Amino acid sequence: KNRRPSGASTVEEGIAAEENEVEDDPEMKPLLHSGVKASLAPDDAKLPSGNALLGAMGINNLAQHFGWPLLLMLFASQHLMKGFSTAFTGSCVSFLYASYKVAGPQMQIFGGVTQLPWAMKPVIGLISDALPIMGYHKAPYILLASVLGVFGCASIGFVPQDNLSATRLVGCLFLMQLQFSVCDLLTEAKYAEKMRSKPEQGPALMTYVWFGLNFGGLLATACIGPIITNYGTKLPFILAIPFISFIFVPLLQNCLEETPKSQEQLADARKQLMQQKEACFLCFLMFAGTVLLTYLGITYESAAINAYASLAVAAVMLISFTLVLKPIIAKVNAFFLIQTSVGFSVGGAAFYFYTDTPAQYPEGPHFSKEFFTSVLGVVSSICALVGVYSYQRFASKWTYRNLLMFSNVALCIFSLADIMVFTRLNVRLGIPDHFCVLGASVLQSVIGQWMWMPGVVILSQLCPQGMEATMYALLAGCHNLGNTIASNCGALALEWLHCQPAGEIGESAQFKNLWIGATLSTILPTITLVLLPWLIPDARQTDKLLDDDDRDATEGSLLRRWRGQSAETM
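Residues numbered from 1 in each chain as written. Predicted model: local features only at pLDDT ≥ 70, side-chain atom pairs only at ≥ 80, totals over all residues. Heavy atoms only, no water.

A look at the side chain of S310
If you trace the backbone, S310 turns up in helix α15 (residues 303–324). Since its relative accessible area comes to 0%, S310 is described here as buried. Residues within four places of S310 in sequence aside, it is in contact with L293, I485 and N488. (Helix = DSSP H or I, 4+ residues; strand = E, 2+ residues; numbered from the N terminus. Buried < 20%, exposed > 50% of the residue type's maximum accessible area, 1.4 Å probe, protein only. Contact = heavy atoms within 4.5 Å.)

Looking at the pattern of salt bridges
One pass over the full model with this rule turns up five salt bridges. With a shortest N-O distance of 3.8 Å, K326 and E555 are connected by a salt bridge. Of this pair, K326 sits in the loop between α15 and α16 (327–341) while E555 sits in the loop between α25 (532–535) and α26 (558–569), and the two are 229 residues apart along the sequence. Look at K326 and you get buried, because its relative accessible area is 9%. Residue classification places E555 among the partly exposed residues on the basis of a relative accessible area of 44%. Residue D433 pairs with R424 through a salt bridge whose shortest N-O separation is 2.8 Å. Grouping residues by exposure puts D433 and R424 together as buried. Shared partners join several salt bridges into a network, and the residues in it are K82, K121 and D184. (Salt bridge = Lys/Arg side-chain N within 4 Å of Asp/Glu carboxyl O.)

Things to note about the confidence of the model for the protein chain
Within the protein chain, residue pLDDT values average 83, and 85% of them lie at 70 or more. Here helix α1 (residues 10–14) stands out as the least confident element of the protein chain, with mean pLDDT 34; helix α17 (residues 347–355) is the most confident, with 96. Taken together, the stretch residues 1–50 has pLDDT below 50 and engages in 164 contacts with residues farther than four places along the chain or on a different chain. (pLDDT = per-residue confidence, 0-100.)

Focus on the packing of aromatic side chains
A complete count under the given rule lists 22 aromatic pairs for this structure. Centroid distance F75 to F246: 6.2 Å. Interplanar angle 85°. Geometry classified as edge-to-face. With F75 in helix α4 (residues 68–99) and F246 in the loop between α11 (235–245) and α12 (248–252), this pair connects stretches of sequence that are 171 residues apart. Overall, the relative accessible area of 32% leaves F75 in the partly exposed class. A residue is classified by how much of its surface remains accessible, and F246, at 28% relative accessible area, is partly exposed. Considering the side-chain rings of F351 and Y352, the 5.3 Å spacing of their centres and the 70° angle between planes classify their relative orientation as edge-to-face. The same class applies to F351 and to Y352, which are both buried. Taken together, the aromatic side chains of F95, F351, Y352, F353, Y354, Y361, F367, F371, F372, F422 and F511 make up a single cluster linked through ring pairs. (Phe/Tyr/Trp six-rings, centres within 6.5 Å; stacked < 30°, edge-to-face > 60°.)

Overview of the packing of helix α7 (residues 139–158) against helix α8 (residues 166–187)
A pair of packed helices is captured by two measures, namely the crossing angle of their axes and the spacing between those axes. Two numbers describe how α7 lies on α8: the axes approach to 8 Å, and their chain directions differ by 150°. As far as their axial angle goes, α8 and α7 are roughly antiparallel. In the crossing of α7 with α8, the sense of the turn from one axis to the other is left-handed. Judged by residue contacts, Y141, I142, A145, S146, L148, G149, V150, F151, G152, C153, S155 and I156 of α7 engage L169, C172, L173, L175, M176, L178, Q179, V182, C183, L186 and T187 from α8. Its residues assigned to classes, the contact of α7 with α8 shows 17 nonpolar, six polar and no charged. (Axes fitted to C-alpha atoms, helices over the stretch in contact; angles between N-to-C directions. Parallel < 35°, antiparallel > 145°, perpendicular 65-115°, else oblique. Left-handed = near helix turned anticlockwise from the far one by under 90°. Nonpolar A, V, L, I, M, F, W, Y, C, P; charged D, E, K, R; others polar.)

Comments concerning the packing of α4 against α8
Where α4 meets α8, the closest approach of the two axes is 10 Å, and the angle between their N-to-C directions is 160°. Judged by the inter-axis angle, α4 sits roughly antiparallel to α8. Remark: the crossing between α4 and α8 carries left-handed chirality. Here α4 contributes L70, M73, S77, Q78, M81, K82, S85, T86, T89, V93, L96 and Y97 to the contact with α8, which in turn contributes L169, V170, L173, M176, Q179, F180, C183, D184 and T187. Partitioned by chemical class, the residues of the contact of α4 with α8 number 12 nonpolar, seven polar and two charged.

Shown next as C-alpha cells:
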C-alpha cells in the first residue's frame, strides 16, 4: 500500500491507508469531569474472566500494555471512521463523479485534492501542540474537525445534485477527509510513544488497528452495493452520519486522558518546539505545498499543470527533508516518498473500464455496481484480514528490507493480472473477467498488507522522544502527499495515452492504451527497490532504531554538518 494495484477497485483505493502520530502524558483526568477518574482507565485493563473471545484475540494483552482508553479511541477513529465510514462512503465517490460526467484523469485530480488533508497532518499536529484551546491540545481540534466533517457528509447526502456542483462536492469530500485526518492524528496521541517504549508489542497493536479497520471495511462493503443500486449514491452519506459522529462519545468520556496544561507547561512545550526549528519549518513547507496543490486541483482542469506542480512539490519536499532530518530518518522518508510518488495511478480510467455499460464500451467487463462495490470490496476486505493475520503470524519479525523486497516483488507479479484484463488477453484465453479480477484482488489484498504494515511500524520507530506527534505527522504526511503526486502524474500519463473515458456512448477507443498506464504503475515502484540497501535500515521490525534518550530529529543532518564545517573554517 505504498502504492495501490493498478486494477484495484475504488473501494480498495478508498480504504487509504495511512498512518498517524503521538505524544502526551499517560495519566490524565477527564476533559469535562475534572477530578473524576476516566471510566476506562489503564488500571482497569483486565477483562472479565469469562470473556475468552477477547482474550483469545489478544485484546486483553493489548489493554494491559496500552490501556483501554487508547483502544476505545482507536475503535472510534480507526474501526468505525477510517474503516467502516471510509469504505461506506468511498465506494460512492467515483459513481458521484460519473454522474457529473467527470473524465477519468480529472477524477484522479479531484481524488488527489480530497486526500490532501492527510498530508496536512504535520501542521495540524504542530498547531495542536503549540496552540491549545482552553489548555487542551487535542479534544477541541477533534470537535471542530468533526463538526466540519459531519457538515460535509450531510451536505452531500441531503443537497440535491442540481444545487451541488462538482467543485462543491469536492469541497464537501475535502471536509470529510479533514475530519478523518485530524481524528486519525490526534486520537492516536500515544501511538508512536507507546510503540517506541514497547517495540515488542508494536506489531500486535498494528494488528489490532488494521484488523479492525479492515473488518469495518468488510461490513461496509457487504451492504453498500445493494444500497447504491437501489437507492442511489447519496443515501450512504446520510447513513454514515451516525458512524462519523460516534467519535464524540469517547471524546466526551475523555479517553484521550487530557487535562488542561498550565502556562508553565505550555511555555516548556513551546520552548521544546522552538528548539526543533527545522521540523517546524518542514511542517509549514508541507502545508504550503498541500495548499498549492489543493488550489490548483480545484481551479485548473489541466492535468499538466497539476502534474508538474506535484513533481515540483515532491522535489522540494525530498530535498528539504534530506537536508534537515537525521540521516536515518531522512533516508526512510526518501524511500517511501519516491516509491509512492512514482506509482502512477490509473484508477479514474480503470473505473470506467470496469463499469461502462455495453453501449458505452461494448468490449468491456460491464461490472454491475453491486459486484464492483460489494463483491470486490468484501473479497478484498476478507483477504486483507487474512493478510493482517498472516503478517502477524509469519512476517512480523522479518527485517524491513527482506519484507519490503518480498512484498513489492510479489505485488508486482500479481498485478500482471490487471494488465491482462486491460489488454483483454484474458477474454482471448477464455478466462472470465469476474474470475480474473477476483483472483487478482485476493492476492493483491493479502500481499498489500504485508507491504503496508512494516512501513507504519518503521515510521513509528523513527519518532524521537518528545516529538512523536510532530515527527510522525511529518513522515506520514509526506507519504500521503506522495499518493496525491502519483494521482496527478497518473492523470497526465492517461492524457498522453489518450485514455480519457467519461462514461460516454461508444468510448472503446479511450481504453486502447490503458494497459500501458497500468504497466507503468506496476513497474516503476518496483524499480525503486534498488534503493533498499542505501535507504532502509537492516533491522528487524521489533528492533529499536533510535536511542531512548534521542530527542533531536535533526541531529547529524546534512544541514547541521555543513553549518558546523562552515563555523570551523571561519
